[in-house]
Structure formats: C-alpha cells, structure tokens
Amino acid sequence: MQFHLQICALVALGVTGITSSASLPSIFKKCKLEDESCLKSSAEYAIANLGNGLKELGIDSIDPLHVGTTEILPKPGPMNIYQRYEDNKVGHLPKLNVKQFRVNLDKCEMSLETFHPELRLYGNYTLKGNLLGEEIDARGEGKGLVCKET
C-alpha cells in the first residue's frame with residue numbers, strides 16, 4: 001500500500017506543478033489546481049506511463065502491481081469461509097480512465113476516481129470452511145479476469 005500511495009502522491013505533485021519542471025520526468029504534465037479536465041487527463045497519462053516503472057525515481061513497474069497477502073476471516077452464516085490470497089498481482093492497472101481527480105492543498109487531500117475496463121488477477125489461494133452446507137478445503141493457483149461486459 002505504501003508503494004501505491006507513493007505513486008498517487010507523485011502523480012498529484014507532478015500534474016499540479018507543485019514541484020519544479022526539472023525535478024520530474026516529462027510524463028507529468030502540469031495543470032492548475034482548478035482545471036479538473038487537465039488534472040484528469042494528466043493523471044491518466046502519468047499512470048498509463050508508469051506501467052513499466054520509472055527508474056530515475058526508483059519506481060518499479062506497476063503492471064502487474066504486487067499486492068502481497070490478503071486474509072479474509074470467516075463470518076457466521078451460510079458462507080463461513082476462511083480465505084487467504086498470497087503473492088497477489090493485479091495486471092492491466094495502468095490501462096484506465098480517470099473519472100475524477102481533485103487536489104485540495106488546504107486540507108492536504110487528494111481524490112482520484114478511476115475506471116478500469118479490464119483487470120487481470122493472479123495469485124495463490126487457500127479456502128477453508130463451509131459453503132451452503134458443503135465443506136471446503138482448497139488450495140491452488142488462481143487467475144481471474146474482471147472486465148466491463150459490452
């Protein structure tokens with residue numbers, strides 16, 4: 001998550017022109033804080049170009065983005081399942097549409113809303129528990145595709 005925040009902060013600083021033009025690569029287009037259209041297109045362009053990383057700033061590739069381990073504890077009910085996902089990766093993350101991007105320096109806030117037409121998910125899973133009365137005990141390698149249906 002820290003890596004994701006670093007990317008977001010870098011995009012915010014880059015597109016709002018808070019830093020000098022010599023300190024950031026050309027993928028960061030400057031905008032005025034009140035120009036929402038410019039902020040959106042600049043953030044989209046910057047994130048799309050960060051897919052392979054940015055060596056001069058020490059940023060690794062974000063395609064795929066390595067998420068790590070996620071654990072979901074079971075809850076009482078018909079779907080009482082312990083879930084653990086390891087070595088998670090999300091692919092196609094830079095292929096996105098920015099719907100909204102706002103920066104409020106007074107409140108030290110940044111808001112970025114995106115739409116991803118397609119995401120690819122990879123990782124290892126462990127599932128244990130009960131699903132509608134059936135015992136589950138499964139492990140394996142998982143792959144998934146989340147996409148907008150046309």
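To start, this report covers the structure provided alongside it. (Residues numbered from 1 in each chain as written. Predicted model: local features only at pLDDT ≥ 70, side-chain atom pairs only at ≥ 80, totals over all residues. Heavy atoms only, no water.)

### Details of the sheet that holds strand β1 (residues 65-72)
Across the sheet, 4 strands lie side by side as β1-β2-β5-β6; this open sheet has antiparallel pairing. Each having just a single partner strand, β1 and β6 (134-147) make up the two edges of the open sheet. The average angle at which neighbouring strand axes cross in this sheet is 15°, direction not considered. In the sheet, β1 pairs with strand β2 (residues 79-91) via 6 bridges, with the strands oriented antiparallel. Within the sheet, the bridge partner assigned to Thr 70 lies in β2 and is Tyr 85. (Pairing = 2+ DSSP bridges. Helix = DSSP H or I, 4+ residues; strand = E, 2+ residues; numbered from the N terminus. Axes fitted to C-alpha atoms, helices over the stretch in contact; angles between N-to-C directions.)

### Side note on the packing of aromatic side chains
Taken as a whole and assessed by the stated rule, the structure comprises 0 aromatic pairs. In this structure, Lys 29 is placed above the aromatic ring of Tyr 45, and the distance from its NZ or CZ to the ring centre is 4.0 Å. (Phe/Tyr/Trp six-rings, centres within 6.5 Å; stacked < 30°, edge-to-face > 60°. Lys NZ or Arg CZ within 6 Å of the ring centre and 35° of its normal.)

### Notes on a nonpolar patch on the surface
A contiguous nonpolar patch, built from Met 79, Leu 131 and Leu 132 and spanning about 320 Å² of accessible area, is present on the exposed surface. Along the chain, the position of Leu 131 falls in strand β5 (residues 118-131). (Patch = residues over 30% accessible without salt bridge, like charges linked within 9 Å, V, L, I, M, F, W, Y side chains within 5 Å. Areas by Shrake-Rupley, 256 points an atom, 1.4 Å probe, with all protein chains shown as cover. Salt bridge = Lys/Arg side-chain N within 4 Å of Asp/Glu carboxyl O.)

### Section: the layout of surface pockets
When its volume is computed, the second largest pocket comes out at roughly 180 Å³. For the second largest pocket, the lining is made up of 13 residues, of which Tyr 85, Asn 88, Leu 121, Tyr 122 and Gly 123 are closest to its centre. It is β5 that contributes the most residues to the lining of the second largest pocket, 5 residues altogether. Of the residues in the lining of the second largest pocket, the class split is 6 nonpolar, 5 polar and 2 charged. (1 Å grid on protein atoms, 1.4 Å probe; cavity = no way out; pocket = protein on both sides within 12 Å on 5 of 7 lines; lining within 4 Å. Points joined across faces, edges and corners; volume = space filled by probe spheres on them. Nonpolar A, V, L, I, M, F, W, Y, C, P; charged D, E, K, R; others polar.)

### Notes on the pairing of β2
The pairing of β2 with β5 spans 11 bridges and is classified as antiparallel. Within β5, the residue paired with Val 90 across the bridge is Leu 121.

### Re the pattern of salt bridges
All chains considered together, the criterion is met by 7 salt bridges. Among the salt bridges present, the one from Lys 95 reaches Asp 63, with a minimum N-O distance of 3.9 Å. Within this pair, whereas Lys 95 is found in the loop between β2 and β3 (97-104), its partner Asp 63 is found in the loop between α2 (36-49) and β1, the two being separated by 32 residues in sequence. Lys 95 gets classed as partly exposed once you look at its relative accessible area, which sits at 47%. Exposure remark for Asp 63: the relative accessible area of 26% places this residue in the partly exposed category. Sharing partners across several salt bridges, the network here consists of Glu 71, Arg 84 and Glu 86. (Buried < 20%, exposed > 50% of the residue type's maximum accessible area, 1.4 Å probe, protein only.)

### Comments concerning the environment of Arg 120
Positionally, Arg 120 belongs in strand β5. Along the primary structure Arg 120 and Lys 89 are separated by 31 residues, whereas in three dimensions their C-alpha atoms are 8.1 Å apart. Among all residues touching Arg 120, those that are not within four sequence positions of it are Lys 89, Val 90, Gly 91, His 92, Gly 144 and Leu 145. (Contact = heavy atoms within 4.5 Å.)

### A few points about the nonpolar core
Among the nonpolar cores identified, the biggest contains 20 residues, and Phe 28, Leu 54 and Phe 101 are the most heavily contacted of them. Looking at this core, the elements that each hand over two or more residues are α2 and β3. Counting residues per element, this core draws most heavily on α2, at 4 residues. (Core = buried A, V, L, I, M, F, W, Y, C linked by side-chain atoms within 4.5 Å.)

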